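Secondary and tertiary structure notes
What follows is the residue order along each chain.
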Amino acid sequence: MLNQPLRFLPVPCEPQVDQAPPEVRTSRRRLRACHECDWLVALPPLRPGQRADCPRCGHTLVTRHHRPAQRSMALALAAMVALLLAISFPFVSFSVGGIGNRIELTQTATTLIGFHQPLVAIAVILTIAVLPGLYLLGVIWLQLGLLQGQPLPASRAIARSLAHLNPWMMADVFIIGALVSLIKVAGLAQIELGLSFWAFCVFALLLLFTMQSIDSDWMWFSLAGEPQAPKDARTGTTAAVQGLTGCPTCGLVNRLDANGRGHCRRCGEGLRARLPHSLQRTWALLATAALMYIPANVYPIMTTTSLGHSSPSTIIGGVVELIQMGSWPVAAVIFVASVIVPVGKLVALSWLCLVVKRSGELNAASRTWLYRITEFIGRWSMIDVFVVAILVALIRAGSLMSVTPGPAALAFGAVVVLTMLAAMTFDPRLIWDTPPAHDPDTTQGTSG
């Protein structure tokens, strides 16, 4: 017996990622404070494909995905490959009268620097390539650590950054701007789409899917667990009246100090019961955006030179030209994105600031929907800026045909950024600070 070789039984391998949702792996009560109405709820058990909505305002608190780490990793890697292809090959080319030009994706930004528009150039390259690339690298870094069962260094800081990058990635808006540009030029010259154009279309789609695949609740639970909920926290009421607040980054409910301040115990984000000076900051940004909107419409946004004759074009003038060319759909897109959306945001946010303290007069749920729409549509106004960037880089045939940017490009870009910042600084929880007569006291899981 002693001379017989030892036999080892096979040990079952541990899965690299625990696929059980957070609520299954802990017996603690998992509380969340709605970021839009401050209602404190307890999360129900969720299966993949389900979500939990706030019972008071309808805001989605948590969306559970199937295999979130693998899904996000695969999409992010595919999107990164598409981005590398998009910046490595020709984007689009045109020819007219035997003279033509071919550009790469990055030239839509670098060309603007030669026309003394460095701020517009920086905005273009950041929103279409740099920030999306950093976002994808961050997702890959995070999910790689989770797949290995051990978060990599700086994972918490990277996870905090992802949520802040979301509004500023505009690859999908750039695609619409590119299509508008090509339609405007198609009747004047021969256009040829390069491999980069199709790769960027795929990249924009994959980037959108990657952003939607992030299960923030699962990710933060896997990174840092779920600290114990504050004692004596009561669901069915607002967090602020209990001295609590929900972290806008990881969602954890934390107790504030006597001055209404604190830091998240899980991700370290600075916390306040309400965004400080929310209405004052929103009013200041709206006023500045309204002032910038005047030169954005008065001055030309670009100047087109054809056969030695220069023709400056304002935003409204460009819409009129498209109508005269018979491009009604494109004219409608430009008019909505460059006129209706900026003016609508200015009016909507100004109205919300005015009525936010008169909760008894208007319906809080309707105003919250208005805020959501206003926040969502703001980035689409960048279409006109992208159109200018593409045409300036592409149409460079000397006195035969060329396009140069006008002073309105910078002014209009400033309007877009300022209105987006105004929507971010407005705290929608102020709308609900005077609660309606009847509020539900539990959250519900609904199929996604």
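Residues numbered from 1 in each chain as written. Predicted model: local features only at pLDDT ≥ 70, side-chain atom pairs only at ≥ 80, totals over all residues. Heavy atoms only, no water.

1. Some details on helix α7 (residues 216–224)
- Taken as a whole, α7 has its buried residues at D217, W218, M219, W220, F221 and L223.
- Considering only its buried residues, α7 is in contact with β1 (31–33), β4 (60–63), α1 (68–86), α3 (118–148) and α4 (155–165).
- Positioned one or two residues after α7, G225 has a phi angle of 70°, which is positive. (Buried < 20%, exposed > 50% of the residue type's maximum accessible area, 1.4 Å probe, protein only. Helix = DSSP H or I, 4+ residues; strand = E, 2+ residues; numbered from the N terminus. Contact = heavy atoms within 4.5 Å.)

2. Considerations on the side chain of S155
- Examined against the element boundaries, S155 turns out to sit in helix α4.
- The contact partners of S155, leaving out residues within four places of it in the chain, are W141, L142 and L223.

3. Side note on the packing of aromatic side chains
- Per the stated rule, a full pass over the model turns up seven aromatic pairs.
- Each ring, one from F200 and one from F203, has its centre 5.4 Å from the other, and the planes form 55°; the classification is tilted. Taken as a pair, F200 and F203 lie in helix α6 (residues 195–213) at a separation of three residues, close to a single helical turn.
- On the accessibility criterion, F200 (0% relative accessible area) is buried.
- Here the aromatic cluster, defined as three or more aromatic residues joined through ring pairs, consists of F91, F174, F197, W198, F200, F203 and F386.
- One Lys or Arg, R372, reaches over the ring of W369 and ends 4.8 Å from the middle of that ring. (Phe/Tyr/Trp six-rings, centres within 6.5 Å; stacked < 30°, edge-to-face > 60°. Lys NZ or Arg CZ within 6 Å of the ring centre and 35° of its normal.)

4. Quick notes on empty space enclosed by the protein
- Per the counting criterion, the structure on display carries two cavities of 30 Å³ or more.
- Here the largest cavity is characterised by a volume of approximately 70 Å³.
- Broken down by secondary-structure element, the contributors of at least two residues to the lining of the largest cavity are α9 (315–324) and α12 (383–394).
- Here the lining of the largest cavity is composed, by residue class, of seven nonpolar, three polar and two charged. (1 Å grid on protein atoms, 1.4 Å probe; cavity = no way out; pocket = protein on both sides within 12 Å on 5 of 7 lines; lining within 4 Å. Points joined across faces, edges and corners; volume = space filled by probe spheres on them. Nonpolar A, V, L, I, M, F, W, Y, C, P; charged D, E, K, R; others polar.)

5. Remarks on the UniProt feature "transmembrane region" (unreviewed entry) in the chain
- As annotated by UniProt and renumbered to match this structure, "transmembrane region" (unreviewed entry) occupies residues 74–99, 119–147, 168–189, 195–214, 282–302, 330–355, 376–395 and 407–426.
- Between the first and last C-alpha atoms of residues 119–147 the distance is 40 Å; the span itself is 100% helix and 0% strand.
- Taken end to end, residues 195–214 has its terminal C-alpha atoms 29 Å apart, with 95% of it in helix and 0% in strand. (UniProt positions renumbered as here; feature names shortened; annotations may be inferred.)

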